[in-house]
Amino acid sequence: MAEINVIPPSDSRESRLYEALRAKYPYSLRVQTVAGLIGLSWRDDPLRSFTLLCISFHRLNQELLGTGWQAVRTDVTPEAFYALSPVAES
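Note that the structure is predicted; figures quoted are calculated from it, not measured.

Trainee: Would you mind showing me how to read the sheet that holds strand β2 (residues 69–73) here?
Mentor: Within a sheet, each strand pairs with its neighbour through backbone hydrogen bonds, oriented either parallel or antiparallel. The strand order β1-β3-β2 describes an open sheet built from 3 strands, whose pairing is antiparallel. The two strands at the open ends of the sheet, each matched to only one other strand, are β1 (29–30) and β2. Examined bridge by bridge, β2 and strand β3 (residues 81–86) share 5 bridges and lie antiparallel to one another. Of the residues in β3, the one forming a bridge with A71 is L84. On the sheet, helix α1 (residues 13–24) packs against β1, β2 and β3 and is oriented at approximately 75° with respect to β3. Running at roughly 155° to β2, helix α3 (residues 46–64) makes contact with β2 and β3 of the sheet.

What follows is the structure in structure tokens.
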């Protein structure tokens, strides 16, 4: 198993997302679980939570560019699963 050692700036949603996904690597997490782990209230406001999670997901992938790692999700719905994955070599 490859070691994951890239750490985005601390105490941001992106860093909490990274840490949550890193802790479960190579497994995935349901969107509701991820939202709760990064400080979003899925039960109180699922639309806002999902939107902010999508923004954080995109920003995390920008921060991971060139590291050999990426955040992936099964789809772009509120039923998605999120995980970290090595970038596929072409």
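Now that the structure has been shown, we can carry on.
Trainee: What is the right way to read the pairing of β3 from this model?
Mentor: Regular strands place their side chains on alternate faces of the sheet. Examined bridge by bridge, β1 and β3 share 2 bridges and lie antiparallel to one another. Its bridge partner lying in β3, L29 is registered against Y82.

Trainee: How should the packing of α1 against α3 be read in this particular structure?
Mentor: For any two helices packed against each other, one specifies the inter-axial angle together with the distance between the axes. For the pair α1 and α3, interaxial distance at closest approach is 9 Å and the crossing angle is 80°. On the basis of the axis angle, α1 is roughly perpendicular to α3. Residues R13, E14, L17, Y18 and L21 of α1 pack against L52, L53, S56, F57, R59, L60, E63 and L64 of α3. Grouping the amino acids of the contact of α1 with α3 by side-chain chemistry returns 8 nonpolar, 1 polar and 4 charged.

Trainee: Sorry, what's going on with the packing of aromatic side chains here?
Mentor: A ring pair, where both rings are aromatic, is described by two values, the distance of the centres and the angle of the planes. Enumeration over the complete set of coordinates arrives at 3 aromatic pairs. Summarising the aromatic geometry, the rings of Y25 and W69 are spaced 5.2 Å apart at their centres and angled 85° between planes, so their arrangement reads as edge-to-face. Here the residue Y25 occupies a position in the loop between α1 and β1, and W69 occupies one in strand β2, the gap between them amounting to 44 residues. Overall, W69 belongs to the buried group, its relative accessible area being 7%. Judged by centre distance (5.4 Å) and plane angle (85°), the ring pair of F57 and Y82 falls under edge-to-face. One end of the pair, F57, is in helix α3; the other, Y82, is in strand β3, and 25 residues separate them in sequence. Y82 shares its class with F57; the two are buried.

Here is what the cut-offs are and how they apply
- Residues numbered from 1 in each chain as written.
- Predicted model: local features only at pLDDT ≥ 70, side-chain atom pairs only at ≥ 80, totals over all residues.
- Heavy atoms only, no water.
- Pairing = 2+ DSSP bridges.
- Helix = DSSP H or I, 4+ residues; strand = E, 2+ residues; numbered from the N terminus.
- Contact = heavy atoms within 4.5 Å.
- Axes fitted to C-alpha atoms, helices over the stretch in contact; angles between N-to-C directions.
- Parallel < 35°, antiparallel > 145°, perpendicular 65-115°, else oblique.
- Nonpolar A, V, L, I, M, F, W, Y, C, P; charged D, E, K, R; others polar.
- Phe/Tyr/Trp six-rings, centres within 6.5 Å; stacked < 30°, edge-to-face > 60°.
- Buried < 20%, exposed > 50% of the residue type's maximum accessible area, 1.4 Å probe, protein only.

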